[in-house]
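If you want the building blocks of each chain, they are given just below.
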Protein chains: 2
Amino acid sequence: MYSETGDHSIHVCFSPLSWPIFRQDDALVIITDIFRATSAICAAFQNKVEAIIPVETIAESEEYKRKGYICAGERDGKTIACADFGNSPFNFMNPELRDKTIVMNTTNGTRAIKTAVEGNNTVVIGAFTNLDSVVGFAMNQQRNVIIFCAGWKDRFCTEDSLFAGAVVSRLIEEGNGKFHTMCDSAIASADLWSIAKNDLRGYIEKVAHRHRLKKLGLDDVIPYCLEMNTTSCLPIYKDDRLVAYDYLSL
Amino acid sequence: MYSETGDHSIHVCFSPLSWPIFRQDDALVIITDIFRATSAICAAFQNKVEAIIPVETIAESEEYKRKGYICAGERDGKTIACADFGNSPFNFMNPELRDKTIVMNTTNGTRAIKTAVEGNNTVVIGAFTNLDSVVGFAMNQQRNVIIFCAGWKDRFCTEDSLFAGAVVSRLIEEGNGKFHTMCDSAIASADLWSIAKNDLRGYIEKVAHRHRLKKLGLDDVIPYCLEMNTTSCLPIYKDDRLVAYDYLSL
């Protein structure tokens, strides 16, 4: 399975802390933050928002708010003062958001996006809800792939690594020898995925983030975030924002 | 299995890069660098050396050499100029080393040891070759446990994480509820261990470090390093050096 010979490498970066080790200049970077930023972003594009502008600081959100933008944002699970709503995927399903541009501020996800946008990288958003689209896009790129787990406060995070493992497994198994990986964290992710995939919800029950969300009363989104392929959208970073990848025009 | 209620926590730190997140002041820290530093240190104490002084820089090794110490040391698998021999466990089995103090300089292992020695931590050396001793010691401590993987150039490293998983599994399964863990990386390590444990050598075949060692011609030690419980010694850090833990006097 772990071919050493394909033209394009696959790496998994377990947390933003490790990005300086894994960074490349001309790679496809798939950002994932399953609970909940990237699942929410996919929900937003499924709901046909125009764009999402990811920001890192409260000051940036406040500045955009003053300019009249719709703002979403949380810190440690609590909606920030200047935001219209928090980062639950359910908040992004409101039909009134269609064709709107939303400014989004998250604890871990935004930072990962901002970090990966460097060199000539292509940065896309991955979640279980758009897994097929992410894999299909990666298959059609002539680039190395890095799956960048947003993690939790710079830590390794199970649900993000499981998503990474799902992508690694698919690219190796379905890539017709196009991809290789000798990356320990990619192989470990694929192996964890092989344990978890038949009962993802059961597996997630035992991990820490599940319990953190529960404590904060934010665990209502877990079944939604673990559902596979509920959308075909592929959010991609262009200029300063995320837009829906248009298979025809790009 | 993953009790939330035991008095003492278990964490796994995947690389020195993550130590600032996991560090505690009064923990038992188990350092592991399976290929090859901690396996070599255990081999040395099995051979009844007096002490091992871990150093980080070439300059330190040269200084000790001038003072007449026996020096072992490598950089990227090559013996450093001032050293008497490299870091293969086999080099530490020489009967002439009995009762001697050896200065040891390694790429990843020494750094992890030096990093963990802070606060009121107890720092011990773990390898598959002394697994039972490490587990037994941890069971008898009234402390939180951190398994600190030396990794490979700050990366997650499969063989070190597998060792961590073996320790986590044992402490949870045999600890009579003394330990709890809600640490994602501890749980992932235990799950990877559950996949690998019945064919550790086969599993290690597929991971990157195996291939790095092979390329450097250093892979002759792999079977030795993956053998369980070939020694009952437990190297422990005391003052500026590692010594054999004496079950009677301490």
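Everything numeric in this text was worked out from a predicted model, so none of it was measured.

Draft legend 1. Highlighting the packing of aromatic side chains. All chains considered together, the criterion is met by 19 aromatic pairs over all chains. With 4.8 Å between their ring centres and 5 degrees between their planes, Trp19(A) and Phe148(A) make a pair best called stacked. Of this pair, Trp19(A) sits in helix α1 (residues 19-22) while Phe148(A) sits in strand β8 (residues 145-149), and the two are 129 residues apart along the sequence. Classification of Trp19(A) as buried rests on a relative accessible area of 2%. On the accessibility criterion, Phe148(A) (0% relative accessible area) is buried. Arranged with centres 5.8 Å apart and planes meeting at 20 degrees, the rings of Phe128(B) and Trp193(B) form a pair that is stacked. Here the residue Phe128(B) occupies a position in the loop between β7 (122-126) and α5 (131-140), and Trp193(B) occupies one in helix α7 (residues 184-196), the gap between them amounting to 65 residues.

Draft legend 2. Representation of the pairing of strand β7 (residues 122-126) of chain A within the structure. All names here are of chain A. When you tally the buried positions in β7, you get 5 out of 5 residues, the bulk of the element. Residues Thr122, Val124 and Gly126 line one face of β7 and the alternating positions Val123 and Ile125 line the opposite face, and both faces are buried. In this sheet, β7 lies alongside strand β2 (residues 28-32) in parallel orientation, the contact comprising 5 bridges. In the sheet register, Leu28 faces β7, and the bridge partner there is Thr122.

Draft legend 3. Structural detail: the pattern of salt bridges. All names here are of chain A. Counted by the stated rule, this structure contains 20 salt bridges over all chains. The partner of Glu63 in a salt bridge is Arg66, with the nearest N and O atoms 2.9 Å apart. Linking Glu63 with Arg66, this pair stays in helix α3 (residues 58-66), spanning 3 residues, or about one helical turn. Between Asp132 and Arg170 there is a salt bridge, with its nearest N and O atoms 3.0 Å apart. With Asp132 in helix α5 (residues 131-140) and Arg170 in helix α6 (residues 158-174), this pair connects stretches of sequence that are 38 residues apart. Looking at Asp132, the relative accessible area reads 38%, which means it is partly exposed. Taken together, the salt bridges that share partners define one network made up of Arg23, Asp25 and Glu118.

Draft legend 4. Broad picture of the interface of chain B and chain A. The partner chain A presents 30 residues to the 30 residues of chain B that form the contact. Together, the buried faces of chain B and chain A total about 2300 Å²; carbon and sulfur atoms form 64% of this surface. It is Ile21(B), Asp184(B) and Lys206(B) in chain B that bury the most area against chain A; as a group they hold 26% of the surface buried on that side. For the pair chain B and chain A, the number of links is 4 residue pairs in polar contact (both at pLDDT 80 or more). Looking at the side of chain B that touches chain A, the elements with two or more residues in it are α1 (19-22), α6 (158-174), α7 and α9 (208-215) of chain B. Looking at which element gives the most residues to the side of chain B that touches chain A, the answer is α7(B), with 8 residues.

Draft legend 5. Spatial organisation of the pairing of strand β4 (residues 70-75) of chain B. Residues and elements named next belong to chain B. Of all 6 residues in β4, 5 are buried, a share of seventy percent or more. Summarising the sheet, β4 and strand β6 (residues 101-105) pair through 4 bridges and their orientation is parallel. Across the sheet, Ala72 pairs through a bridge with Met104, a residue of β6. Relative to strand β5 (residues 78-79), β4 is paired through 2 bridges, and the arrangement is antiparallel. Among the inter-strand pairings, Arg75 is bridged to a residue of β5, identified as Lys78.

Draft legend 6. Molecular detail of the side chain of Thr101(B). Residues and elements named next belong to chain B. The topology assignment puts Thr101 in strand β6. Thr101 sits in the buried class, given a relative accessible area of 18%. Discounting chain neighbours no more than four positions away, the residues touching Thr101 are Glu50, Ala51, Ile53, Tyr69, Ile70 and Arg241.

Draft legend 7. Seen up close, the packing of α5(A) against α6(A). Residues and elements named next belong to chain A. Contact geometry of α5 with α6 gives a least axis separation of 10 Å together with a crossing angle of 45 degrees. Between α5 and α6, the crossing angle belongs to the class labelled oblique. The crossing of α5 and α6 is right-handed. Contacts between α5 and α6 involve Leu131, Asp132, Val134, Val135, Ala138 and Met139 from the former and Phe163, Ala166, Val167, Arg170, Leu171 and Glu174 from the latter.

Draft legend 8. Layout of the environment of Asn140(B). If you trace the backbone, Asn140(B) turns up in helix α5. Residues Asn140(B) and Arg75(B) lie 65 residues apart in sequence; the distance between their C-alpha atoms is 36 Å.

Draft legend 9. Inspection of helix α4 (residues 109-116) of chain B at higher detail. What α4(B) keeps buried is the set Gly109(B), Thr110(B), Ala112(B), Ile113(B) and Ala116(B). Across the axial projection of α4(B), the buried residues extend over an arc of 160 degrees, all falling on one side.

Draft legend 10. The relation of the copies chain B and chain A, seen in detail. Superposition of chain B onto chain A requires a rotation of 180 degrees combined with a translation of 0.0 Å along the rotation axis, giving an RMSD of 0.0 Å. Look at the turn and shift together and you get a two-fold axis relating the two. Most of the interface of chain B is mirrored in chain A, where 100% of its interface residues are also at the interface.

Draft legend 11. Layout of unusual backbone geometry. All names here are of chain A. In this model, Phe35 is joined to Arg36 through a cis peptide bond whose omega is 5 degrees. Tracing the backbone shows Arg36 in the loop between β2 and α2 (37-46). With a phi close to 65 degrees, Asp99 is a non-glycine residue in the positive phi region. Classification of Asp99 by relative accessible area gives exposed; the value is 55%.

How each quantity is defined
- Residues numbered from 1 in each chain as written.
- Chains lettered and ligands numbered in written order.
- Predicted model: local features only at pLDDT ≥ 70, side-chain atom pairs only at ≥ 80, totals over all residues.
- Heavy atoms only, no water.
- Phe/Tyr/Trp six-rings, centres within 6.5 Å; stacked < 30°, edge-to-face > 60°.
- Helix = DSSP H or I, 4+ residues; strand = E, 2+ residues; numbered from the N terminus.
- Buried < 20%, exposed > 50% of the residue type's maximum accessible area, 1.4 Å probe, protein only.
- Pairing = 2+ DSSP bridges.
- Salt bridge = Lys/Arg side-chain N within 4 Å of Asp/Glu carboxyl O.
- Contact = heavy atoms within 4.5 Å.
- Buried area = accessible area lost by both parts, 1.4 Å probe.
- Polar contact = N/O pair within 3.5 Å; in protein donor to acceptor, adjacent residues only side chain to side chain.
- Axes fitted to C-alpha atoms, helices over the stretch in contact; angles between N-to-C directions.
- Parallel < 35°, antiparallel > 145°, perpendicular 65-115°, else oblique.
- Left-handed = near helix turned anticlockwise from the far one by under 90°.
- Arc of directions from axis to C-beta.
- Least-squares fit on C-alpha atoms with pLDDT ≥ 70 in both.

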